[in-house]
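Close look at the chain arrangement
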Amino acid sequence: MKKKNNKNFEEKNILPSNENIEVGTDSGFDDLMYDNLESDYQYFDGNNFDDEKVEKPVSEELMLVETGDNIILPKNEDAEIVAVAEDKPIKVREIAVQSDSTKVNAFDLFFLRLWAGMVSLLGYTANGINFVINAIFKKKLPVKYIKAFLVVVLIILFLVIILVPASANSQPKNSGSDDLVIFVSNMVPVQVRVDDGSGEPVYKWGYLDKNKAASGTGKDSLAIPAKYEEALPFNRFGIAWGRVRDDKGHYWELINKKGKRVGERTYAVSTSLPVGTRPFGDFTDSKLAWVNENGKFGYIDIYGNVKIACDLDVAGDFIDGIARVGRGNYQWYINKKGGVVGRSYDYIEVLDFSCGLGAVNKGGRWGFVNKKGKEVIELKYDAVSQFVDGYAMVKMGKTFGLIDTDGNLVINTQWYYDIVINNSVFEEFIENHK
C-alpha cells in the first residue's frame, strides 16, 4: 500500500516483511494484551443470566419512562428518542411541547387564512390588471393604486347588493295566480281591528313598514294609521290610493309613504261608473292616470295636479305615451300633453294601443293605426282584438283568423274553435263574437 501524504516516502518503499518488525512495550499494541480470559470465562459460565436484565447506565440527558413503555424520552429537545430493540410494538404515551407563542384556536385560524387568501387574491388580480394595462397602453401603474381601486369597487358592489332590494319599487308582482299578489315594497297594506267607541268590531286598513315590523305588534307597528276603508299597494312612484269614509263623505285620496295627501283633490265614489269600478286608473310610464270627477274624465300626474281637464266622456290608460279618449259619439287618441294623435271626430270607437298599433272603427269597419295616427292595416274587418305577442284576432263574416303586425293573415278558419290559444284577450273576443 502506498502512502501519498508523506513527501519523503518514495513509491518504491513498501511495507517491510514481518521478520523486520520488533515488538516492544512501546509498540502501541499493549491494549490488545489480555491475560484474564480464563477467569472471565469461569465467571460467566458459573452464572445464569436468562432471567435477569442487565441494567445499562443511562445518560443524564435521558429520562426513563415507566415499566412497560419501550421508549426513552430525551429531557431536552435536541436529544434523540432511543427505543429498546424488542419484538413488542413501540408505544408513545405522550409528548408535550411547551410553546411560549400565543395559542390560536381553529376559528381564529380559519379567518386568518381566509383574510390571507383574500389579500393574496387581491394582489394577483391587481398584478393581472397591471399586466393588461401595460400590454395595451405600454404603461404600468403602481399596484397599490390598483388595489385601492378594486377595494372601492368591491365596497360599491356590496352596497348595491344590500341597498337595491331594500329600495325596490312597491309595485306588486303577480306570481301567476289570480289570487296571490307578492309585494316587493317595504310598505304593505294591512287590515287591523280598531276601536271606534261603538263596542262593535271594526276593521280598517293601514300600512305596515316591513323594515320596522319586528319592533312592535298590531296597530302600534303601523307606519300609516289604520283609517281607510280600502287601501291599495304603493306603486313604483311611491304613492297609493286610500278610500276614506268620514264626515266629509266617502272618497278616495292619493297619499305618499308618510300618509300625507298628495295634491288637494279627492275623488268621490262615482255612481256614474259600473258598481265596483274605482274613479281612477293606473299611473303608467307617462306618470299620468285618468280620474273621474262628477261623471267626467281627466288626467292627473303623480303629484296630484290636473294635467288634462275632466271634460271627457271616455278615458283609458296611457300606453306607449298614447291614451284613448272620447267625447259624445267619437273617440280618438291623445299624447301626454293632451294633443290629438291622428284624426279626431273620425272614429266611433278605438281600443288601447298594443304592440305599437291601435284598433280603430270607422263606419263599422275595423283596422289599425300607428303611433302617428296613420292607418297601416286596412279597415275591413267586422271585429278585431288588441295585439298580444305580435298577433291579433280578427273576424270577417263568419271567418275567424289571426293577423300579424303587418296585416298578414296567419290563420284563417270558419270555425272559431279551431283556434286554440290560451289567452284571455282572444278568449274574450271569441266569447263576444262567436
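Structure first, text after, so check above.
Here the structure is a predicted model, which means the values were calculated and not measured.

The rules behind the values
Residues numbered from 1 in each chain as written. Predicted model: local features only at pLDDT ≥ 70, side-chain atom pairs only at ≥ 80, totals over all residues. Heavy atoms only, no water. Helix = DSSP H or I, 4+ residues; strand = E, 2+ residues; numbered from the N terminus. Contact = heavy atoms within 4.5 Å. Areas by Shrake-Rupley, 256 points an atom, 1.4 Å probe, with all protein chains shown as cover. Pairing = 2+ DSSP bridges. Axes fitted to C-alpha atoms, helices over the stretch in contact; angles between N-to-C directions. Buried < 20%, exposed > 50% of the residue type's maximum accessible area, 1.4 Å probe, protein only. Patch = residues over 30% accessible without salt bridge, like charges linked within 9 Å, V, L, I, M, F, W, Y side chains within 5 Å. Salt bridge = Lys/Arg side-chain N within 4 Å of Asp/Glu carboxyl O. Phe/Tyr/Trp six-rings, centres within 6.5 Å; stacked < 30°, edge-to-face > 60°. Arc of directions from axis to C-beta.

**Section: the overall build of the protein chain**
When you go through the protein chain residue by residue, the secondary structure sums to 4 helices and 27 strands. Counting contacts in the protein chain only where the partners sit at least 6 residues apart, residues at least 24 apart contribute 30% of the total. For the protein chain, the accessible area works out to roughly 31400 Å², and carbon and sulfur atoms hold 53% of it.

**Here we look at the sheet that holds strand β8 (residues 222-228)**
Sheet architecture is open: 3 strands sit in the order β6-β7-β8, paired in antiparallel fashion. Unpaired on one side and paired on the other, β6 (187-194) and β8 mark the two borders of the sheet. Between one strand and the next, the sheet's axes are offset by a mean angle of 30°, whatever the strand orientation. Here strand β7 (residues 202-209) runs beside β8; their pairing, made up of 3 bridges, is antiparallel. The residue bridging Tyr207 from the neighbouring strand is Ile224, located in β8.

**Remarks on unusual backbone geometry**
A negative phi angle characterises most non-glycine residues, just as the trans form characterises most peptide bonds. If you check the backbone angles, Tyr345 has positive phi at about 55° while not being a glycine. With respect to the helices, strands and loops of the structure, Tyr345 is situated in the loop between β19 (340-341) and β20 (349-350). Given a relative accessible area of 42%, Tyr345 falls into the partly exposed group. Of note, Cys355 is a non-glycine position whose phi angle comes to about 55°, a positive value. Looking at the element boundaries, Cys355 is found in the loop between β20 and β21 (358-362). Using a relative accessible area of 43% as the deciding quantity, one classes Cys355 as partly exposed.

**A short note on a nonpolar patch on the surface**
Where nonpolar side chains cluster on the molecular surface, the patch consists of Val151, Leu154, Ile155, Leu157, Phe158, Leu159, Ile161 and Ile162 and spans about 770 Å² of accessible area. As for its position among the elements, Leu154 is in helix α3 (residues 143-166). Leu154 sits in the exposed class, given a relative accessible area of 53%.

**Topic: the pattern of salt bridges**
Under the defined criterion, the tally for this structure stands at 13 salt bridges. Two residues, Arg236 and Asp285, come together in a salt bridge whose shortest N-O distance is 2.4 Å. Of this pair, Arg236 sits in the loop between β9 (230-231) and β10 (240-246) while Asp285 sits in the loop between β12 (267-268) and β13 (288-293), placing them 49 residues apart in sequence. Taking relative accessible area as the criterion, Arg236 reaches 42% and is therefore assigned partly exposed. With its nearest N and O atoms 2.6 Å apart, the salt bridge here joins Glu293 to Arg265.

**A look at the packing of aromatic side chains**
Scanning the entire structure with this criterion turns up 12 aromatic pairs. Ring centres 4.9 Å apart and planes at 65° place the aromatic pair Tyr207 and Phe234 in the edge-to-face group. Highlighted residues: Tyr207 in strand β7 and Phe234 in the loop between β9 and β10, separated in sequence by 27 residues. Here Tyr207 and Phe234 have matching classes, each one buried. Among the aromatic residues, ring-to-ring pairing joins Trp241, Trp252, Tyr267 and Phe280 into one connected group.

**Thoughts on the environment of Glu427**
Note on placement: Glu427 falls in helix α4 (residues 424-433). The class of Glu427 is partly exposed, set by a relative accessible area of 41%.

**Let's talk about α4**
Turning to α4, its buried residues are Phe426, Phe429 and Ile430. End-on, the buried residues of α4 take up no more than an arc of 95°, which puts them together on one face. Exposed residues pointing more than 90 degrees away from the buried face of α4 are listed as Ser424, Glu428, Glu431 and Asn432. Buried residues along α4 sit in contact with β24 (383-384), β25 (391-396) and β26 (399-404).

**Points about the environment of Gly281**
Following the sequence through the fold, Gly281 ends up in the loop between β12 and β13. Sequence spacing of Gly281 and Ala315 is 34 residues, and the spatial spacing of their C-alpha atoms is 9.1 Å.

**Focus on the pairing of β10**
Summarising burial for β10: 5 of the 7 residues are buried, a large majority. Bridge count for β9 against β10 is 2 bridges, and the pairing is antiparallel. Within the sheet, the bridge partner assigned to Ala231 lies in β10 and is Gly242. By the bridge criterion, 7 bridges tie β10 to strand β11 (residues 249-255) in an arrangement that is antiparallel. Pairing of Val244 across the sheet is with Tyr251, part of β11. Adjacent in sequence and paired antiparallel, β10 and β11 are bridged by 2 residues.

**Regarding the side chain of Ser286**
Assignment of secondary structure puts Ser286 in the loop between β12 and β13. Using a relative accessible area of 14% as the deciding quantity, one classes Ser286 as buried. With near-sequence residues (within four places) excluded, Ser286 lies in contact with Phe318, Gly321 and Lys336.

**Some thoughts on the pairing of β26**
For β26, the buried fraction is high: 5 of the 6 residues fall into the buried class. As paired elements, β25 and β26 share 6 bridges and run antiparallel to each other. What sits directly across from Ala392, in β26, is Ile403. In this structure, the hairpin formed by β25 and β26 is closed by a connection of 2 residues, where Gly397 is found at a positive phi of approximately 70°.

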